[in-house]
Amino acid sequence: MRIAYLVFLSVLSSMGFAQTAKYSNAFLNIGVDARALGMSNSVVGHVGDATAGYWNPAGLARIEGYDFAAMHAEYFAGIAQYDYLSGVMPISTGVVGISLIRFGVDNILNTTRLIDENGNVDYNRITRFSAADYAMLVSYARTLGVEGLSVGGNVKVIYRQIGDFADAFGFGLDAGVQYRTGKWAFGATVHDVTTTVNSWVFNTRDLEDIFEQTGNDLPQNGFEITLPRMQLGGGYSFDLNDNLILLTELNAEVTFDGERNTLISSSWASVTPMFGFEIGWKKLVFLRGGVGNFQKETDFDGSRYTTFQPNIGVGFSYYGISIDYALTDIGDQSGAVYSNVFSLKFHLDKKR
C-alpha cells in the first residue's frame, strides 16, 4: 500500500511543470457512441446525429429535429467509468448542441494519513477520493450556400480533478466541415485547432512531509498544452437490394505532437488509418465492423510485424429510438482488456 502511494506521488509530481504533453486530455480521444466504436471510429464523413458534436460538429447541420444521445462504458475491468450525454436542437440560423463527458476512477484509497503522529499505522485514517476528467462541448453548425456543404465548431471547457491534491481548467476549440453529394460523404475535423491549454493548480499542504522524505520536489502550478489533432474521412453508401444498405467509410487520424507508433509516422506528423462498415436491414437492424489502431511491434527475435484492433457491433432502431452495442479490442490485439459498450439515441422530429 505504501508503494502504491509513492507511485501516485511520483505521477503527481511529474505533472507539475509547463509542457506540451503528447497524451494531454487523452480521455477525449477514446470516442463516444457504440455505433461509431463498432465501426472503428470511421464516421467523420457521414455522422449526422447528436454524437456529431464529438466526431464532427459540421454533421449537426443535417439534424432537423431534436436529438439526444447517451453512452456508458467501463474500462480496465470496470475500474474506470466513462459516461457521455448530449442533446441537439435547431435554431433559426442553424443547429446548436451540448455534450458532456466524464472519465473517472473512483474510490481510490488515500493513505497520506495512514501513519499517525506517533508513528503507528491506523487504517481508520484511510479515506477515498476520485480522479476524474470532465468536458463540456458547446456546438454550433450550419449549412452553407453550396448544396451538401456544412460547417461547425465546438467551444470546449475541460475540468480535471485528482481528489483534493490537484485540479485543472482548460479551454479549446474544434472545427469541422462535411460535404455530401449523392451517395458520397466526406468530412474533416480538427480538434484543439488553436491548441487547448490546461492550467493546473496543486494543493501540496498535506504532501510536504512525504515528498521531503522521498527526496521529491513538490509539484508546481503550471500549464499543459494539447496540440491539434485532425481526422479526415470519406465514405460511400451501396444499395445491395431493396432492404439492405451497406455503408463504408475510410478515415485517417493525423497527429502533430511528434513521432508515434503508428502505421505512418514521422517527426512532423503521424497517421493512423481506420476503416468501418455498417449493413442495415430496412433501417431497423444493423451489423457493424471495423479495423483500426494499427501499430508496429517487435517480436523477441527482433522481427517486426503490424498489429491492429478489430471492432464489431450491432444496433436496433425503431421510431427514432436507437440502441447500439459494440465490442472493442477483440482478441486483445492492443494489449488492453476488451470492453462492452452500450449507447442510446433518441430523435424527435421538429414537426412533432
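Bear in mind the structure is a predicted one, so any value in this text is a computation, not a measurement.

Please provide a residue-by-residue account of the overall build of the protein, values included.
Scanning the protein from terminus to terminus reveals four helices and 18 strands. Across the protein, every contact between residues at least 6 apart in sequence was considered, and the portion connecting residues at least 24 apart equals 56%. Surface accessibility of the protein: about 17,900 Å² in total, with carbon and sulfur atoms responsible for 60%.

Tell me about unusual backbone geometry, and please be specific about residues and values.
For Asp33, which is not glycine, the phi dihedral falls at a positive 80 degrees. The phi dihedral of Ser40 falls on the positive side, at around 60 degrees, and the residue is not glycine. Within the secondary structure layout, Ser40 lies in the loop between helix H2 (34-38) and helix H3 (52-55). With relative accessibility at 5%, the residue Ser40 sits in the buried group.

I'd like a description of the nonpolar core, backed by residues and values.
Formed by 34 residues in total, the largest nonpolar core has its most connected members in Tyr82, Ile101 and Val341. Listed by contribution, the elements that provide at least two residues to this core are H2, H3, strand E2 (66-75), strand E3 (80-91), strand E4 (94-110) and strand E5 (127-143). Setting aside anything within four residues of it in sequence, one finds Tyr82 in contact with Phe27, Ile30, Gly31, Val32, Met71, His72, Ala73, Tyr75, Ile101, Arg102 and Phe103. In this structure, Phe129, Ile162, Ala166 and Ala168 belong to the second largest nonpolar core, which totals seven residues.

Tell me about the side chain of Thr328, and name the residues and values.
Within the fold, Thr328 resides in strand E17 (residues 321-328). Residue class for Thr328 comes out buried when judged on its relative accessible area of 9%. If we ignore the near neighbours within four places in the chain, the residues touching Thr328 are Leu37, Gln309, Pro310, Asn311, Tyr338 and Ser339.

I'd love a proper account of the packing of aromatic side chains, names of residues and values included.
Within the structure shown, the criterion is met by 17 aromatic pairs. On the numbers, 6.4 Å between centres and 25 degrees between planes, the contact of Phe68 with Phe346 is stacked. Placement of Phe68 in strand E2 and of Phe346 in strand E18 (residues 339-348) is noted, with a sequence separation of 278 residues between them. What makes Phe68 partly exposed here is its relative accessible area of 40%. When its relative accessible area of 34% is taken as the criterion, Phe346 is described as partly exposed. Note on Trp200 and Phe202: the rings are 6.0 Å apart at their centroids and 25 degrees apart in plane angle, and the pair reads as stacked. Judged on exposure class, the residue Trp200 and its partner Phe202 are both buried. Members of the aromatic cluster, joined through ring pairs, are Trp184, Phe186, Tyr236 and Phe238.

I'd like to hear about the pairing of strand E16 (residues 304-318), residue by residue, with values.
Pairing of strand E15 (residues 285-298) with E16 involves twelve bridges; the strand directions are antiparallel. Within the sheet, the bridge partner assigned to Val285 lies in E16 and is Phe316. Here E16 pairs with E17 via seven bridges, running antiparallel. Bridge pairing in E17 links Ile312 to Leu327. In this structure, the hairpin formed by E16 and E17 is closed by a connection of two residues, where Tyr319 is found at a positive phi of approximately 50 degrees.

Provide a residue-level description of the environment of Thr226, including the pertinent values.
Examined against the element boundaries, Thr226 turns out to sit in strand E10 (residues 222-226). Look at Thr226 and you get buried, because its relative accessible area is 8%. It is 5.4 Å that separates the C-alpha atoms of Thr226 and Thr195, two residues lying 31 residues apart in sequence. In contact with Thr226, other than residues within four places in its own chain, are Ser24, Asn25, Asp192, Thr195 and Thr196. A distance of 3.2 Å separates a polar atom in the side chain of Thr226 from a polar atom in the side chain of Asn25.

Go over the environment of Tyr179 with me, naming the residues and quoting the values.
Assignment of secondary structure puts Tyr179 in strand E7 (residues 166-181). For Tyr179, a relative accessible area of 32% puts it in the partly exposed group. The spatial distance from the C-alpha of Tyr179 to the C-alpha of Val151 is 8.9 Å, given a sequence separation of 28 residues. If we skip the residues at most four places from it in the chain, Tyr179 touches Val146, Glu147, Gly148, Leu149, Trp184, Ala185 and Phe186.

Please set out a nonpolar patch on the surface residue by residue, giving values where relevant.
There is a patch of nonpolar side chains on the surface, built from Leu85, Ile98, Leu100, Met136, Val138, Val155, Leu173 and Val193 and spanning about 600 Å² of accessible area. Elements supplying a minimum of two residues to the nonpolar patch: E4 and E5. Mapping Leu100 onto the fold places it in strand E4.

Parameters and conventions
- Residues numbered from 1 in each chain as written.
- Predicted model: local features only at pLDDT ≥ 70, side-chain atom pairs only at ≥ 80, totals over all residues.
- Heavy atoms only, no water.
- Helix = DSSP H or I, 4+ residues; strand = E, 2+ residues; numbered from the N terminus.
- Contact = heavy atoms within 4.5 Å.
- Areas by Shrake-Rupley, 256 points an atom, 1.4 Å probe, with all protein chains shown as cover.
- Buried < 20%, exposed > 50% of the residue type's maximum accessible area, 1.4 Å probe, protein only.
- Core = buried A, V, L, I, M, F, W, Y, C linked by side-chain atoms within 4.5 Å.
- Phe/Tyr/Trp six-rings, centres within 6.5 Å; stacked < 30°, edge-to-face > 60°.
- Pairing = 2+ DSSP bridges.
- Polar contact = N/O pair within 3.5 Å; in protein donor to acceptor, adjacent residues only side chain to side chain.
- Patch = residues over 30% accessible without salt bridge, like charges linked within 9 Å, V, L, I, M, F, W, Y side chains within 5 Å.
- Salt bridge = Lys/Arg side-chain N within 4 Å of Asp/Glu carboxyl O.

Purely spatial values, then, with no claim about function.
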